[in-house]
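# Remarks on the overall topology
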Amino acid sequence: MGSMPEKPRHGFGSLVTGLQEVCESGITKDLAWRRSQLKGIIRLLTEKEEEMFDVLRDDLGKHRAESYRDEIGALVKSVNHTLRNLERWAAPEKVQAPLVSFPATALVVPEPLGVVLVFSCWNLPLGLALEPLSGAIAAGNAVVVKPSEFAPATAAFLASNLPKYLDPRAVKVVLGGPEVGEQLMEHRWDKVLFTGSARTGRIILTKAAKHLTPVALELGSKCPCIIDRLDSKRDTQIAVNRIFGGKWSLCAGQACLAIDYILVEEEFAPALIEVLKSTVKRFTATPDCMARILNEKHFKRLSNYLKDRKVAASVVHGGSVNPKTLTIEPTILLNPPLDSDIMTEEIFGPILPIITVKKIEDSMKFVRSKPKPLAIYAFTRNEKLKSRIINETSSGSVTFNDAVVQYVVEGLPFGGVGQSGSGQYHGKYSFELFSNKKAVFKRSFLIEFMFRYPPWDNGKIGMLRHVFNTNYVLLLLGLIGLRR
Amino acid sequence: MEESRAAAVQELRARFAAGQTRPAEWRAKQLRGVLRMATEMEAEICDALYADVGKPETEAHVHEISLVKSSCLFALKNLKKWMKPKKVHARLMTFPSTARITKEPLGVVLVISAWNYPLLLSLDPVIGAIAAGNAVVLKPSEVAPATSSLLAELLPRYVDSTCIKVVEGGVSETSALLELKWDKIFYTGNSKVGRMVLASAAKHLTPVVLELGGKCPVVVDSNINLHVTAKRIAAGKWGCNNGQACIAPDFIITTESFAPKLLEALKKVLEKFYGKDPLLSEDLSRVVTPNHFNRLLDLMDDEMVSDKIVFGGQRDEQKLKIAPTIFLDVPLDSAMMKEEIFGPLLPIITVEKIHESFGLINSMTKPLAAYLFTRDSKLQKQFESTISAGGMILNDTSVHLTNPHLPFGGVGESGTGSYHGRFTFDAFSHGKAVLHRGFGGEAKARYPPYSSAKLKILKGVLAGKLGAHIQAILGFPRGK
């Protein structure tokens, strides 16, 4: 099923104004409406599960287990979490008001931003569309979803099903390629969430600047995995299992959270590689257990990494590519040149370079020499090393002794820092990302302090000093005229 | 010049990378330094503020110096609490595990300040940036040159100038700074320049906080304490740098029937505050520059509104002073009603019924602050739920910015991001998610080769079913 970029006949102006009107009518603000939409997403995920497995297999060759674990199941869990907490998140929060303003109430009231635009990405085409969508709806907004044209089956699925399960007045899907994306960005949005490459992220930000549109960016990066010397065979096996899960099991490495490369002490490297090889063999016993490469363009990009002579020489496992099926077998490299493309660009594929260091502590300096990644992974039992990694590196997140699972811990924010992005979401963070936290201060006419007003004199300044020093005793004395 | 700028930023990067700004002791020391500066240099600061905008001494103390001091004290008091990692409930799914959010500094940040509160709007963001552990470059507004050079001279004496720098200059200097890579940019000013800041930041993917302006409306119902209302409106408008403040009331909306009463009350209050000839009062700021003076004159003398003056109108070009001036029922398409006034002109717009004010406000861009005076709780509720703004106050103006527990910032055209108190600390921090797992709890069902048995267990685990978790941890399904 192809996706023909739809050239909109009238531009997107009427789409945007239409959605603004829907917002102004108050429909999306109503909590009952929000609940019904979130339940609609759950129903979609349950009733259309088979069809979703099909489109994800069409687009990326994902096995249903992977599709469920990473997209559908994760979404069900997330939306249920949102439903359970919606009232609490949407409730005004009382905060302290200074005594001098008594009687007064201070509140932070979350309100919708208005009309939100979500750009999804091709590698988790369902998850990266529906997770932000659910957060934006929970916060009371109207939403436009622009799925990636590189996952056309999923895009078409969303376009035909979202209007059936959600309120089509307030939730829209727009299909198309980069031109459509650019046309959408010609308009003002109350918030944009973009998941994708830094290059496109820059374009989005530049266009958004004209309208002061606030943008959250979820970008890519090289996520390092630091592996400390592990003394027990069992620990090593578990670590390798989880590394496999964080690399090849995850859309064949085509994920922003996937492990990009490994850092390990040179002495420990051979043992690690042995276990990696045997685990890879076991886990890839059946052919359909790894997703394929998205398309020819990415296949070529990844194959070209291996064509570099010095990189090819560093292959210790795998390396074979199949242009017909667009598959590349799990490939492990040992110390490819640090200035090769594969070590300077985000790999986003099933090739895993291992870089050795003399001491494991040297790995932090290596990580710091590269742009801040979305995630840092480290397998170690050494508490000191863990502390150092947390304090001496910066990343969206850090996970010890596992990979990628932080994605499903609802209480943890998901997002990058520096070149890996800005803005965080998931769970309550999604709600907040798509909300305006309005400060509300309620005062009464009851108590008036004359020293607030001109004409000024030293006496009044003195009283004001007491206020700011929260010296209520002197203030009180001053008020009853006992001190000036 | 360019080299020295780039070299200065390089130095900041190196010092940040070396960890100089991280320890709580260093941060507290800098905050105490700023506090000392605001205390020891009060007289010099008041002089500079008077030179720059003719700010009355009381406003200098109350709106700038005192707020800087309380900001330092609040940050010092809460620093350890803000820096502490926050534990997060890690659920059954990742058992056994612990999860935390650790706040870390962003790195090297740029604060661009404004001219109307040149001390406060420079130091308040810087205080938060320091508390969060960043290295900072402050670019004070060149339109307030006395304060700018005072900051450039004083700050290095009171804080660690290897990590906190002041860069003075005008448009070209600001543009040059914006070409460099920053980890965050904090800009206070107008939306035109705000757009340029965003466009520059886009090249480096730099996140930005924008504190902009807008037309802050005041809705005045008839069910109020009129005298107190008039005083609070006057204090928020003319008592705040003579209207040159982002949160100053821009215009009033009230009913046709109530307008005359409100007008009378305002006139009385204004005479009490500033005397019969306001141009002679020491308690009114002047207009900042001849440019702004002419801009305001254009707004006042615009033939669409010039016949709508009901109070004031006096001006002194020599002293750059304009008296508090009130207009009644200016056309909604006049320049005065289309742009942010930022001066001592106050239009009163009348409607038939007070509820019509909401539609009018919603037809404009979202303001930084919206104010409502009424005792009617139903009207209050409606206001709160219908009007979107950065902040809103019931029965007062401007004071919400002094509450450090409330986030201060705009929405839409009035800005993005917020600060004050803990919010400034957060604005200059990254909340890093940290998940600790052990080597226990290994679930075979996670890994290929996949099977429907494994899928069943995964479904159970994701749905939070305890039975599925137990199966997963015990290594089901057995065999391959």
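Residues numbered from 1 in each chain as written. Chains lettered and ligands numbered in written order. Predicted model: local features only at pLDDT ≥ 70, side-chain atom pairs only at ≥ 80, totals over all residues. Heavy atoms only, no water.

### A word on the overall build of chain A
- The helix and strand tally for chain A stands at 18 helices and 18 strands.
- Overall size of chain A, expressed as C-alpha extent along the three principal axes, is 90 × 60 × 40 Å.
- Evaluated residue by residue, chain A yields a buried proportion of 61% over its 484 residues.
- The contacts in chain A between residues at least 6 apart in sequence include a share of 71% that link residues at least 24 apart. (Helix = DSSP H or I, 4+ residues; strand = E, 2+ residues; numbered from the N terminus. Buried < 20%, exposed > 50% of the residue type's maximum accessible area, 1.4 Å probe, protein only. Contact = heavy atoms within 4.5 Å.)

### Here we look at the packing of aromatic side chains
- In this structure the tally under the stated criterion is 18 aromatic pairs over all chains.
- Here Trp89(A) and Phe431(A) contribute two aromatic rings whose centre-to-centre distance is 5.9 Å and whose plane-to-plane angle is 55 degrees, an arrangement assigned as tilted. Of the two residues, Trp89(A) sits in helix H4 (residues 64-90) while Phe431(A) sits in helix H16 (residues 428-433), which places them 342 residues apart along the sequence. For the pair formed by Trp89(A) and Phe431(A), the shared burial category is buried.
- Aromatic pair Phe244(A) and Trp248(A): ring centres 5.4 Å apart, planes at 50 degrees, arrangement tilted. For the pair Phe244(A) and Trp248(A), one class covers both residues: buried.
- By way of ring pairs, the aromatic residues Phe244(A), Trp248(A), Phe283(A) and Tyr447(B) are connected into one cluster. (Phe/Tyr/Trp six-rings, centres within 6.5 Å; stacked < 30°, edge-to-face > 60°.)

### Brief notes about the pairing of strand S7 (residues 208-211) of chain B
Residues and elements named next belong to chain B.
- Side chains Val208 and Leu210 of S7 all project onto a buried face; the interleaved residues Val209 and Glu211 project onto the opposite face, where all are buried too.
- Pairing analysis gives four bridges linking strand S6 (residues 184-188) to S7, with the strands arranged parallel. Among the inter-strand pairings, Tyr187 is bridged to a residue of S7, identified as Leu210.
- Following the backbone out of S6, through helix H8 (residues 191-204) and into the adjacent parallel S7, one traces a crossover that is right-handed.
- By the bridge criterion, two bridges tie S7 to strand S17 (residues 415-416) in an arrangement that is antiparallel. Across the sheet, Leu210 pairs through a bridge with Thr416, a residue of S17. (Pairing = 2+ DSSP bridges. Right-handed = clockwise from strand over helix to strand, strands pointing away.)

### Brief notes about the interface of chain B and chain A
- Listed per partner, the contact involves 99 residues of chain B and 109 residues of chain A.
- Taken together, both faces of the contact between chain B and chain A bury some 8,500 Å²; the carbon and sulfur share is 61%.
- A per-residue breakdown of the area chain B buries against chain A is headed by Leu205(B), Phe439(B) and Tyr450(B), which together make up 11% of the total.
- Between chain B and chain A we count nine salt bridges in total.
- The salt bridge involving Arg446(B) is made with Asp402(A); its shortest N-O contact spans 2.8 Å.
- Counting across the interface, chain B meets chain A through 46 residue pairs in polar contact (both at pLDDT 80 or more).
- For the side of chain B that touches chain A, the class distribution of residues is 42 nonpolar, 31 polar and 26 charged.
- As defined by bridge partners, strand S18 (residues 435-443) of chain A adjoins strand S16 (residues 391-394) of chain B across four bridges and the pair is classed as parallel. Each bridged residue has a counterpart across the sheet, and for Val440(A) the counterpart in S16(B) is Met392(B). (Buried area = accessible area lost by both parts, 1.4 Å probe. Salt bridge = Lys/Arg side-chain N within 4 Å of Asp/Glu carboxyl O. Polar contact = N/O pair within 3.5 Å; in protein donor to acceptor, adjacent residues only side chain to side chain. Nonpolar A, V, L, I, M, F, W, Y, C, P; charged D, E, K, R; others polar.)

### Considerations on the side chain of Arg446(B)
- Of note, Arg446(B) is situated in the loop between strand S18 (429-437) and helix H16 (452-462).
- Take Arg446(B): its relative accessible area is 15%, and that puts it in the buried class.
- What Arg446(B) contacts, discounting residues up to four positions off in sequence, is Arg69(A), Arg242(A), Asp402(A), Ala403(A), Val405(A), Arg437(B) and Leu458(B).

### Comments concerning the environment of Val411(B)
- Of note, Val411(B) is situated in the loop between S16 and S17.
- Residues contacting Val411(B), with those up to four places away along its chain left out, are Leu113(A), Asn436(A), Lys366(B), Ser388(B), Ala389(B) and Gly390(B).

### A closer look at helix H2 (residues 24-40) of chain B
Residues and elements named next belong to chain B.
- The end-to-end C-alpha distance of H2, which contains 17 residues, comes to 24 Å, matching closely the 24 Å that a straight helix rising 1.5 Å per residue would cover.
- Along H2, the residues classified as buried are Ala24, Trp26, Arg27, Ala28, Gln30, Leu31, Gly33, Val34, Leu35, Met37 and Ala38.
- On its buried face, H2 sits against helix H3 (42-53), helix H4 (57-83), helix H5 (120-131), helix H6 (145-158), strand S5 (164-166) and helix H15 (422-427). (Expected span 1.5 Å × (residues − 1).)

### A short note on the sheet that holds S6(B)
Residue and element names in this part refer to chain B.
- Judged by pairing direction, the sheet is mixed, and its six strands sit side by side in the order S5-S4-S3-S6-S7-S17 without closing on themselves. Of all strands in the sheet, those bounded by a partner on one side alone are S5 and S17.
- Pairing between strand S3 (residues 108-112) and strand S4 (residues 135-139): five bridges, direction parallel. The partner of Val109 across the bridge, within S4, is Val136.
- Against the sheet, helix H7 (residues 171-179) touches S3, S4 and S6, its axis set at about 155 degrees to S3. (Axes fitted to C-alpha atoms, helices over the stretch in contact; angles between N-to-C directions.)

### Describing the state of the cysteines
All names here are of chain B.
- All told, the structure shown has zero disulfides over all chains when counted by the stated rule.
- Distance from the sulfur of Cys72, which forms no disulfide, to the nearest cysteine sulfur (Cys46) is 16 Å.
- Relative accessible area serves as the criterion here: at 0%, Cys72 is assigned to the buried category.
- The closest cysteine sulfur to the non-disulfide-bonded Cys240 is located on Cys246, 9.2 Å from its own sulfur. (Disulfide = S-S within 2.5 Å.)

### Thoughts on the environment of Thr350(B)
Residue and element names in this part refer to chain B.
- Its location among the elements puts Thr350 in strand S14 (residues 345-351).
- Accessibility expressed as a relative area gives 16% for Thr350, which makes it buried.
- Taking C-alpha positions, Thr350 is 5.0 Å from Glu256, a pair spaced 94 residues apart along the chain.
- Filtering out sequence-adjacent residues up to four positions away, Thr350 remains in contact with Thr254, Thr255, Glu256, Ala259, Leu328 and Asp329.
- At 2.7 Å, the side chain of Thr350 forms a polar contact with the side chain of Asp329.

### Some details on a nonpolar patch on the surface
All names here are of chain B.
- On the surface, a cluster of nonpolar side chains totalling about 550 Å² of accessible area is made up of Leu92, Phe95, Leu466, Ile470, Ile473 and Leu474.
- Mapped onto the elements, Leu474 comes out in the segment after helix H17 (466-473).
- Overall, the relative accessible area of 48% leaves Leu474 in the partly exposed class. (Patch = residues over 30% accessible without salt bridge, like charges linked within 9 Å, V, L, I, M, F, W, Y side chains within 5 Å. Areas by Shrake-Rupley, 256 points an atom, 1.4 Å probe, with all protein chains shown as cover.)

On their own, these measurements won't tell you what the molecule is for.
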